[in-house]
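Below are the chains, spelled out letter by letter.
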Amino acid sequence: MRNIGWIAGAAATVLVAAGAITYAVADGGDAGDGSGTRVPAADSADAGFARDMAVHHQQAVEMSYIVRDRTEDTEVRRLAYDIAQTQANQRGMLLGWLDLWELPKVSSDTPMTWMDMGDMASGKDGSLMPGMATNTEMKRLGTLNGKQAEVFYLQLMTDHHKGGIHMAEGCAAKCTVGVEKRLAQGMVDAQQSEIKLMADMLKARGAKARD
C-alpha cells in the first residue's frame, strides 16, 4: 500500500506540473539546444514520439478503465486509476504540443519510424506498437472478473509499460525539445517503478509477468 500511495502522489505531481510544462512549450520552450523557439519538423523524433505515445497511452487508459469495472480489489483499482489519470494527462500534453507546433496528429509513416524501427510495428490484430495489447486481448479483459481480470490486466500493463519505456528511452535519446525529453525520462522512471510494483502484485496473486 505504501508503494501505491507513492505512485498516487507522483501522479498528482505530474498533473500539477502539466500546465507549466505545456506553457513552457507554448512560450517557445526549451529546445535543448539553446534556440528556445525552434519548432520540430513533422518527421522529427519529437513529433513522432508525440504522435506514437499518444496512441500508446490511449490504450493504457482504456485498459485501466476496463479493469476498474471488472474487480472490487482496492489495490488494483487504485493503480488502474492512477495509470489512467497520469497517461490521459500526458496524452493531452503530447497532442497539445503537436497543436502548438502546428504539426499533424497522424502520419502516413508507420509507427516508430522516428526510431528507425518502423518494421517492428506490424499492426497485427490492433497491436500497433511493441507492448500494445491486441484487439483480442482487450476483448478478453472485458470478459474476465475478479482475480482473473486483475492478473490479466497486470500482465498486459507490464508488457505495455515495457514497450512504452522502450519508446520513451528513444525520445530521451533522440528528441531535441527539452521539456519533451524530460517528460520522456519521467515516463521511463515512473513506469519502471510500476513494473516492479505490478510484479509484486502478480506474485501476491500466484502469477507472474508473461515471457
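Placed above this text is the structure.
All values reported here derive from a predicted model rather than from experimental measurement.

S.K.: What is the right way to read the overall build of the chain from this model?
M.R.: Scanning the chain from terminus to terminus reveals 6 helices and 0 strands. Listed by position from the N terminus, the elements making up the chain come as α-α-α-α-α-α. Split into buried and exposed, the 211 residues of the chain put 47% on the buried side. A fraction of 76% describes how many contacts in the chain between residues 6 or more apart in sequence connect residues 24 or more apart. Total accessible area on the chain is roughly 10000 Å²; 53% of this is exposed by carbon and sulfur atoms.

S.K.: Is there a simple way to think about the environment of Gly-142 in this case?
M.R.: Assignment of secondary structure puts Gly-142 in the loop between α4 (135-141) and α5 (146-174). On the basis of relative accessibility, which here comes to 30%, the residue Gly-142 falls in the partly exposed class. Each C-alpha atom of the pair Gly-142 and Met-63 lies 8.8 Å from the other, and the pair is 79 residues apart in sequence. Once residues lying within four places of it in the same chain are set aside, the contact partners of Gly-142 are Ile-66 and Arg-70.

S.K.: Just to check I follow, could you spell out the state of the cysteines for this structure?
M.R.: Put plainly, two cysteines are in a disulfide when a covalent bond ties their sulfur atoms together. Enumeration according to the criterion identifies 1 disulfide in this entry. Bridging Cys-171 to Cys-175, the disulfide has an S-S length of 2.2 Å. On the sign convention where negative is left-handed, the bridge of Cys-171 and Cys-175, at about -120° about the S-S bond, is left-handed. A relative accessible area of 3% means that Cys-175 is categorised as buried.

S.K.: Hey, could you run me through the packing of helix α3 (residues 74-100) against α5 in this one?
M.R.: The angle between the axes and the distance between the axes are what describe a pair of packed helices. Where α3 meets α5, the closest approach of the two axes is 11 Å, and the angle between their N-to-C directions is 35°. Here α3 and α5 pass one another in a crossing that is left-handed. Where α3 approaches α5, its residues Val-76, Leu-79, Ala-80, Ile-83 and Gln-87 are matched on the opposing element by Glu-150, Tyr-153, Leu-154, Met-157 and His-161. A per-class count over the contact of α3 with α5 returns 7 nonpolar, 2 polar and 1 charged.

What counts as what
- Residues numbered from 1 in each chain as written.
- Predicted model: local features only at pLDDT ≥ 70, side-chain atom pairs only at ≥ 80, totals over all residues.
- Heavy atoms only, no water.
- Helix = DSSP H or I, 4+ residues; strand = E, 2+ residues; numbered from the N terminus.
- Buried < 20%, exposed > 50% of the residue type's maximum accessible area, 1.4 Å probe, protein only.
- Contact = heavy atoms within 4.5 Å.
- Areas by Shrake-Rupley, 256 points an atom, 1.4 Å probe, with all protein chains shown as cover.
- Disulfide = S-S within 2.5 Å.
- Axes fitted to C-alpha atoms, helices over the stretch in contact; angles between N-to-C directions.
- Left-handed = near helix turned anticlockwise from the far one by under 90°.
- Nonpolar A, V, L, I, M, F, W, Y, C, P; charged D, E, K, R; others polar.

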